[in-house]
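Observations on chain architecture
Residue-level listing of the chains:
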Amino acid sequence: MSTTTAATAKPASIGFEALAADRRPHEELIVAMERMEFTFLVAPLDGRRAPGETLDLAKVSLDELREPLEHDVLRVQSSDFAGVTVGTVEHGFDAAVVNDHEMRLKANLHLRRLFNWAGHAGVSAVQLPLPTSPSAIPEFARAVQSASSLIPFATIWVRVSVSDPAHWTAWNLVRSLVGHSAKYHVALEVGASLPAHGWTRWHAEPVAALVLPTDAFLTNRKGCPVLSKRHQALVREFLPREPYLFVTPTVPVGAAATAEAGEVDLTMHGQYLAYLHRTQPAPSVREKFADGYADYLQAPLQPLADHLEAQTYEVFEKCGFKYAQYQAAVAQCLRDRTSGSATPAQQIIMVVGAGPRGPLVDCCLRASAEAKVPVRVYAVEKNPNALVPLRHKQRTEWGKDRVTVVYADMRTWQAPEKCDILVSELLGSFADNELSPECLDGVQHVLKADGVSIPQSYSPWLAPVSSAKLYSEAAKHKTVAALETSYVVMIRNAALVAPPQRAWTFHHPAPTILLDNAHNERYASLAFDVQGDSALVHGFAGYFDCTLYRDVTLSTRPGDDHSPDMTSWFPIYFPIRHPVFVPRGAKIDVHVWRVAGNHKVWYEWAVVPRVPATVHGEEEEKERVELETAAGFASLIHNVGGKSHAIGL
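Figured I'd write up the structure that's included with this text. (Residues numbered from 1 in each chain as written. Predicted model: local features only at pLDDT ≥ 70, side-chain atom pairs only at ≥ 80, totals over all residues. Heavy atoms only, no water.)

Overview of the pairing of strand β9 (residues 207-213)
Along any regular strand, the residues point their side chains to alternate faces of the sheet. The element β9 is largely enclosed, with a buried count of seven among its seven residues. Where strand β8 (residues 184-189) meets β9, four bridges bridge the pair, whose relative direction is parallel. When the sheet's bridge partners are listed, Glu189 is paired in β9 with Val211. Strand direction decides the pairing type here: β9 and strand β12 (residues 244-248), joined by five bridges, are parallel. What sits directly across from Pro213, in β12, is Thr248. (Buried < 20%, exposed > 50% of the residue type's maximum accessible area, 1.4 Å probe, protein only. Helix = DSSP H or I, 4+ residues; strand = E, 2+ residues; numbered from the N terminus. Pairing = 2+ DSSP bridges.)

A few points about the packing of helix α5 (residues 137-147) against helix α6 (residues 165-177)
Interaxial distance between α5 and α6 falls to 9 Å at its minimum, and their mutual angle equals 45°. Between α5 and α6, the crossing angle belongs to the class labelled oblique. For the pair α5 and α6, the sense of crossing is right-handed. Residue-level inspection shows Ile137, Pro138, Phe140 and Ala141 of α5 in contact with α6, the latter providing Ala170, Leu173, Val174 and Leu177. Looking at the contact of α5 with α6, its residues break down into eight nonpolar, no polar and no charged. (Axes fitted to C-alpha atoms, helices over the stretch in contact; angles between N-to-C directions. Parallel < 35°, antiparallel > 145°, perpendicular 65-115°, else oblique. Left-handed = near helix turned anticlockwise from the far one by under 90°. Contact = heavy atoms within 4.5 Å. Nonpolar A, V, L, I, M, F, W, Y, C, P; charged D, E, K, R; others polar.)

Digging into the sheet that holds strand β27 (residues 587-596)
Strand order in this open sheet of four strands is β23-β27-β28-β29, and the pairing throughout is antiparallel. Sheet topology places β23 (522-529) and β29 (647-648) at the edges, where each strand pairs with a single neighbour.

A word on the packing of aromatic side chains
Applying the stated criterion across every chain yields a total of 19 aromatic pairs. The interplanar angle of 55° and the centroid separation of 5.9 Å between the aromatic rings of Tyr378 and Trp413 together place this pair among those described as tilted. Of this pair, Tyr378 sits in strand β14 (residues 375-381) while Trp413 sits in the loop between β15 (403-407) and β16 (419-424), placing them 35 residues apart in sequence. Assigned by exposure class, Tyr378 and Trp413 land together as buried. When the ring of Tyr458 is compared with that of Phe506, the centres are 6.0 Å apart and the planes differ by 35°; the resulting orientation is tilted. With Tyr458 in strand β18 (residues 457-466) and Phe506 in strand β22 (residues 506-507), this pair connects stretches of sequence that are 48 residues apart. For the pair Tyr458 and Phe506, a shared accessibility class is recorded, and that class is buried. Taken together through their ring pairs, the aromatic side chains of Phe430, Trp504, Phe574, Tyr603 and Trp605 make up a single cluster. Over the ring of Trp569 we find Lys322; its NZ or CZ atom is 5.3 Å from the centre of that ring. Taking NZ or CZ as reference, Arg557 lies 4.0 Å from the ring centre of Trp461, over its face. (Phe/Tyr/Trp six-rings, centres within 6.5 Å; stacked < 30°, edge-to-face > 60°. Lys NZ or Arg CZ within 6 Å of the ring centre and 35° of its normal.)

Some words on helix α4 (residues 101-121)
Along its 21 residues, α4 runs 31 Å from first to last C-alpha, staying within 8% of the 30 Å computed at 1.5 Å per residue. Of all the positions in α4, only Met103, Lys106, Ala107, Asn108, His110, Leu111, Arg113, Leu114, Phe115, Trp117, Ala118 and Ala121 are classed as buried. Gly122 occupies a position one or two residues after α4 and carries a positive phi of about 90°. (Expected span 1.5 Å × (residues − 1).)

A short note on the pairing of strand β6 (residues 125-129)
In terms of burial, β6 is largely enclosed, as four of its five residues are buried. Considered for its hand, the β-α-β crossover made up of β6, α5 and strand β7 (residues 155-161) is right-handed. (Right-handed = clockwise from strand over helix to strand, strands pointing away.)

What to know about the pattern of salt bridges
Pairs can form between side chains of opposite charge whenever their charged atoms are close. Throughout the structure, instances matching the rule amount to 27 salt bridges. One salt bridge in this structure joins Glu417 and Arg376, with 2.9 Å as the shortest N-O distance. Note that Glu417 is positioned in the loop between β15 and β16 and Arg376 in strand β14, a separation of 41 residues in sequence. For Glu417, a relative accessible area of 25% corresponds to the partly exposed category. With a shortest N-O distance of 3.3 Å, Glu473 and Lys469 are connected by a salt bridge. Placement of both Glu473 and Lys469 in helix α15 (residues 468-475) is noted, with a separation of four residues, approximately one turn of the helix. (Salt bridge = Lys/Arg side-chain N within 4 Å of Asp/Glu carboxyl O.)

So, the side chain of Thr267
For Thr267, the location among the structural elements is in helix α8 (residues 267-278). Judged by its relative accessible area of 17%, Thr267 falls in the buried class. Excluding residues that lie within four positions of it along the chain, Thr267 makes contacts with Met36 and Glu37.

What to know about the nonpolar core
Counting residues in hydrophobic clusters, the biggest one holds 90 residues, and the most contacted among them are Leu334, Ile349, Val351, Val377, Leu422, Val423 and Ile454. Not counting residues within four places of it along the chain, the set of residues in contact with Ile454 comprises Tyr326, Ala329, Val330, Cys333, Ile421, Leu422, Val423, Ser424, Leu548 and Tyr549. (Core = buried A, V, L, I, M, F, W, Y, C linked by side-chain atoms within 4.5 Å.)

So, the sheet that holds β15
The strand order across the open sheet built from five strands is β15-β14-β13-β16-β17, with neighbouring strands paired in parallel fashion. Each having just a single partner strand, β15 and β17 (447-454) make up the two edges of the open sheet. Recorded for the sheet is a direction-independent mean angle of 20° between the axes of neighbouring strands. As paired strands, strand β13 (residues 347-352) and β14 are joined by six bridges and run parallel to one another. By the bridge assignment for β14, Ile348 is matched with Arg376. The strands touched by helix α14 (residues 436-443) are β13, β16 and β17; relative to β16, the strand with the most contacts, the crossing angle is about 155°.

Geometric descriptors of this kind do not, in isolation, establish any biological role.
Dropping the structure here:
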């Protein structure tokens, strides 16, 4: 069944799992899949064992394992329907096997034979259970990684349980040992019991599939399978990420040895999952705008070094909320500057960086009408291509008596008069990363002594983030520079390890301007407490908030409801070259520098984990906080000297 949801109009992938006890051949399983209206099948690749029998490598010789597979021992016997089949491999790695030389060789040969066949048949993915013993994980990971070249077009799903905290630790060890390869994904089993403290950290993992055992379902009054509200909440949280969903029969104790144990009609379970998919909440304005951009890394703009393209301007200008806030800020400022006057004096407004269609000019003119204060506007733009439509709009809509279009770089423009209000839209995803401070320094001289800059101030915010997806996207370029570059990205498959904190603030007009730009350098040391689950920190997510004028603000911070429908800015991601494990209850310090030179600006960043201090008395207790910072190890300082990434002035 191909189900679509009104919210996303994308098909749901819903399947079922055939257990080892289910002896039906592959062709019959495909027929059952279609009869129950599923779209894919999960089944063992190796079907040679009798019902209830487990893999016993001791009964197989090394010579047998070196031979090609026999047709009769395979469940998936050809490439027919392999494209809609996920093959499960029972690998046999445990503590006893990895510590026995011959058994370890057998386990490796067994795994390679089945991977070789999976690659030949063309299954869409290979599912593997975690080893039963943590001590077997390194050998398991090495064997799987060695055999992964045999399935070049299939992904690897590691089966874990959301209810077992040890499974995240085991998964983290596996993916660390294989170098955070993007080929590895999680098949997350959502059983009858859910963890009390939630499942947030799994949001940061590459969850390819949600596995729903039949005992996770309740029965409603009509006799139909349904999920509890808490189970529904978990599934709905992951649905926007478009995971595969599959139902697996829960075999009652004592029934594992019967061939019929796995042959369960799961039609109604699949229909219920399709219902959950179909009834997802409608996406927000921001989600609609970001469709197709989730976790897609983009280099930040270089608005001073490069002339922006028409399409880039168009994207920014689609944000109605932002311009409504600008209009409100300008209107309030106009009222404040002319309050107490029966006949308000004309106010001079200069819009610097007007763009090709001048949306901020429109805001100023509407604000003038709203506040009933006359204005004259200068629209300053350095991009020669933007001047073409800007001048056309001046002639056809605004009129030269109200708007003067100026072709100039704001930093070197010699204005014919000073202005009452200076309006700009120069913020980047990290507030100052598109050089708003440097641009406004250069044009600050056009403000009257009592003039107002809109925006008046802005601050970048940082939070440690766990995201296998973001890290793998940066790491796939296989260069140091790629992991020392900040990226604009609509973050989805991620979890913040701690709430964001403010790094610093810029105010305009600037109180001091130095010729070497040193006044625009900043440094922040932020201490984060990890109160949730243990996590692997892959870098930092950056946001900003901004005061346009008085209480009129903009914000991209998560959880901040000041700007719910703003689409102009995605967050920014600062990767770290080597992810840092942070246990629950630990603290980490983040150090970030904004370094400003005469010709470029760049960021440097580092992570310093804290370790608990050992104290012996009252005096030592007073020094606990300071002692906790002396971890003795840290990440390297990234992007020193702007060697990997900088913004040109």
